[in-house]
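# Descriptive analysis of the structure
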Amino acid sequence: MDIAILDNVIFLGTVTVLSALQNVFFAYRVQNESLHKRSGQTAFERVSVANRNCIEVYPTFLALLWTAGLFCSQAPAAFAGLLYLVVRHKYFVGYLGETSQSLPGFFFGKRLIAFLFIMAAAGIVNYATNYLFGINFLFYIQTATKASAALLLIP
Amino acid sequence: MDIAILDNVIFLGTVTVLSALQNVFFAYRVQNESLHKRSGQTAFERVSVANRNCIEVYPTFLALLWTAGLFCSQAPAAFAGLLYLVVRHKYFVGYLGETSQSLPGFFFGKRLIAFLFIMAAAGIVNYATNYLFGINFLFYIQTATKASAALLLIP
Amino acid sequence: MDIAILDNVIFLGTVTVLSALQNVFFAYRVQNESLHKRSGQTAFERVSVANRNCIEVYPTFLALLWTAGLFCSQAPAAFAGLLYLVVRHKYFVGYLGETSQSLPGFFFGKRLIAFLFIMAAAGIVNYATNYLFGINFLFYIQTATKASAALLLIP
């Protein structure tokens, strides 16, 4: 995106990425505690928990999607976002499945979230190096993310 | 908004709209299951459930509000957003009301969310046809949304 | 930020700020009710409640952070956002602490949220006065927020 516009939002984007990182840290804490706890068995409890788990990660996902797209490269970020939607759908449907089968964890799509986070962080670091030392890696970062986005398709 | 800026976020906006659509799908599943389930009767449980229901839809609402405003037309989107705030307030207050009366459903403001979604989707489709075939309907879409925004006032 | 771009999002930002204000109102209602209610004592319940409390305020925080940064001044908004992350971390860790000690309330970081809200509201009011009367206070508002941001460090 245009550098002149990014100048106005670079700090906001940095704080957003940091807060998303903190959200992920919180989510891991919850997951660690919830490993030994069985979720409810009624259909309502299952669909309610599945929906809540999806909703809780949603603002984090949106923030990372937009910061990755604005500060780094749009197409790979949108591609990773689409894959995340697919993974989320599978997660939601899997949560509603057989009561006897084991439930999926609290946190899903870790790889896609990590990919978006790395993209956003790389864009912000590149902005800093460009400002401080006049070194701009953005073209190489964008090429690398475009090439590695295809690797996300590997299950 | 300026086409040159929209170029940078059109894919991100598309994924955002898709994810909001998926959120609504999840919410409907929860609502279908929760029809036969009574919520808690203490004041704390009621206010807590009302707040949670509002909060869960909030990121979806924000995402649709901004994508509708950016990709289509600002004034009708902001108008629908204001109406949504009114509806949400009535929902919240209604949830705290008499214990004997029936509770409102899980999902509220469906019409306003649908209006914002149609605006955002129309803007994105128009962007695609403009890019592919050079056909730009945006002016007609904006006129239609401005005219139909008044219809949202009908209870 | 550039006035020409702000023209396209000023109404959306206004509705966003209003909705954030409404969220805070809802959160206060929950807090008032929850004062006499003890939270669960198991580690999972504590970490789950702490995470949910943080997540529920997250979209409100993000919306205020960005509207404050776009409509008023970027650096103080990002600074307040960073402080909020610190406060949130202390809140989360405090929630997981000794079972015997009293739990922190439902709503935290009130001062930082209020600071961001005042910044966003001042920016929007300034936009209106600039449009209606041609009076632009933005420079003074930005100076005042930059000066008062340091006061947020006082515990």
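Note that the structure is a prediction, hence the values are computed from the model and not measured.

### Some details on the overall build of chain A
The number of helices and strands found in chain A is five helices and zero strands. Taken from N to C terminus, the helices and strands of chain A fall in the order α-α-α-α-α. The proportion of buried residues among the 155 residues of chain A is 52%. Summarising the internal contacts of chain A: among those between residues at least 6 apart in sequence, 81% fall at separations of at least 24. Summing over all exposed atoms, chain A offers an accessible surface of approximately 7,100 Å²; the carbon and sulfur share of this is 68%.

### Brief notes about the packing of aromatic side chains
Inspection of the entire model under this criterion finds nine aromatic pairs over all chains. An angle of 75° between the planes, with centres 5.7 Å apart, marks the rings of A:F139 and A:Y140 as edge-to-face. Seen in terms of ring centroids, C:Y58 and C:F61 are 6.4 Å apart; in terms of plane orientation they differ by 40°. Their pairing is tilted. Linking C:Y58 with C:F61, this pair stays in helix 2 (residues 43-71), spanning three residues, or about one helical turn.

### Thoughts on empty space enclosed by the protein
Going through the model one piece at a time under the given rule, you end up with seven cavities of 30 Å³ or more. The volume enclosed by the second largest cavity comes to roughly 110 Å³. If you trace the second largest cavity, you find it lined by A:R52, A:I55, A:E56, A:P59, B:R52, B:I55, B:E56, B:P59, C:R52, C:I55, C:E56 and C:P59. Breaking the lining of the second largest cavity down by element, the ones donating at least two residues are helix 2 (43-71) of chain A, helix 2 (43-71) of chain B together with helix 2 of chain C. For the lining of the second largest cavity, the residue count by class is six nonpolar, no polar and six charged.

### With respect to a nonpolar patch on the surface
All names here are of chain A. A cluster of nonpolar side chains, Y131, L132, F133, I135, F137, F139 and Y140, forms an exposed patch at the surface whose accessible area comes to about 910 Å². Of all the secondary-structure elements, those providing two or more residues to the nonpolar patch are helix 4 (110-133) and helix 5 (138-149). Take the nonpolar patch: its biggest share by element is three residues, from helix 4. Relative to the elements of secondary structure, Y140 occurs in helix 5.

### Considering the packing of helix 4 of chain A against helix 5 of chain A
All names here are of chain A. The geometry of helix 4 relative to helix 5 is characterised by a closest axis approach of 10 Å and an angle of 170° between their N-to-C directions. Here helix 4 is positioned roughly antiparallel relative to helix 5, judged by the angle of their axes. Contacts between helix 4 and helix 5 involve F115, M119, A122 and N126 on the former and, on the latter, L138, I141, T145, S148 and A149. For the contact of helix 4 with helix 5, a count of residues per class yields six nonpolar, three polar and no charged.

### Considering the environment of B:Y58
Take B:Y58: its relative accessible area is 0%, and that puts it in the buried class. Through-space distance from the C-alpha of B:Y58 to that of B:C72 is 21 Å; in sequence the pair is 14 residues apart.

### A closer look at the environment of A:F92
You can see A:F92 is positioned in helix 3 (residues 74-95). Taking the C-alpha atoms as reference, A:F92 lies 9.6 Å from A:R46; in sequence the two are 46 residues apart.

### Some points on helix 4 (residues 110-133) of chain C
Across its 24 residues, helix 4 of chain C extends 33 Å between first and last C-alpha, which sits within 8% of the 34 Å expected from 1.5 Å per residue. Where helix 4 of chain C terminates, the next one or two residues include C:G134, which has phi positive at roughly 75°.

Rules of the game
- Sequence order sets the numbering: in each chain, residues are counted from 1 along the sequence as written.
- Starting at A for chains and at 1 for ligands, labels are handed out in the order in which the entities are written.
- Per-residue local features are limited, in this predicted model, to residues with pLDDT of at least 70; the limit for side-chain atom pairs, both in listing and counting, is 80 or more; totals at the level of whole chains, interfaces and linings are taken over all residues.
- Excluding hydrogens and water, the side-chain values take into account all heavy atoms of the structure.
- Elements are defined by DSSP. Helices are runs of H or I of four residues or more, strands are runs of E of two residues or more, and each kind is numbered from the N terminus.
- When accessible area is computed with a 1.4 Å probe and restricted to protein chains, residues below 20% of their type maximum are described as buried, those above 50% as exposed, and intermediate ones as partly exposed.
- Here, residues are in contact when the closest pair of their heavy atoms is within 4.5 Å.
- Using a 1.4 Å probe, accessible areas were evaluated by the Shrake-Rupley method; residue-level cover was limited to the displayed protein chains.
- Stacked, tilted and edge-to-face are the three classes assigned to paired rings of Phe, Tyr and Trp, where Trp is represented by its six-membered ring and a pair needs centres within 6.5 Å; plane angles under 30 degrees give stacked, over 60 edge-to-face, the rest tilted.
- A cavity, in this analysis, means grid points on a 1 Å lattice covering only the protein atoms where a 1.4 Å probe fits yet has no way out; a pocket is instead an open set bounded by protein on both sides within 12 Å along at least five of seven lines, and a residue lines either one if it has an atom within 4 Å of a point.
- Grid points are joined across faces, edges and corners, and a volume is the space filled by probe spheres set on the points.
- When residues are grouped by polarity, Ala, Val, Leu, Ile, Met, Phe, Trp, Tyr, Cys and Pro land in nonpolar, Asp, Glu, Lys and Arg in charged, and all others, Gly among them, in polar.
- Surface patches are defined over residues having more than 30% relative accessible area and no salt bridge, joining like charges when they lie within 9 Å and nonpolar side chains (Val, Leu, Ile, Met, Phe, Trp, Tyr) when within 5 Å.
- Basic side-chain nitrogens of Lys or Arg form a salt bridge, by our definition, when they fall within 4 Å of a carboxyl oxygen of Asp or Glu.
- With axes taken as lines fitted to C-alpha atoms, and helix axes fitted only over the stretch in contact, angles between N-to-C directions fall between 0 and 180 degrees.
- Oblique is the label for every angle not falling under 35 degrees (roughly parallel), over 145 degrees (roughly antiparallel), or within 65 to 115 degrees (roughly perpendicular).
- How far a helix is expected to stretch is found by multiplying one less than its residue total by 1.5 Å.

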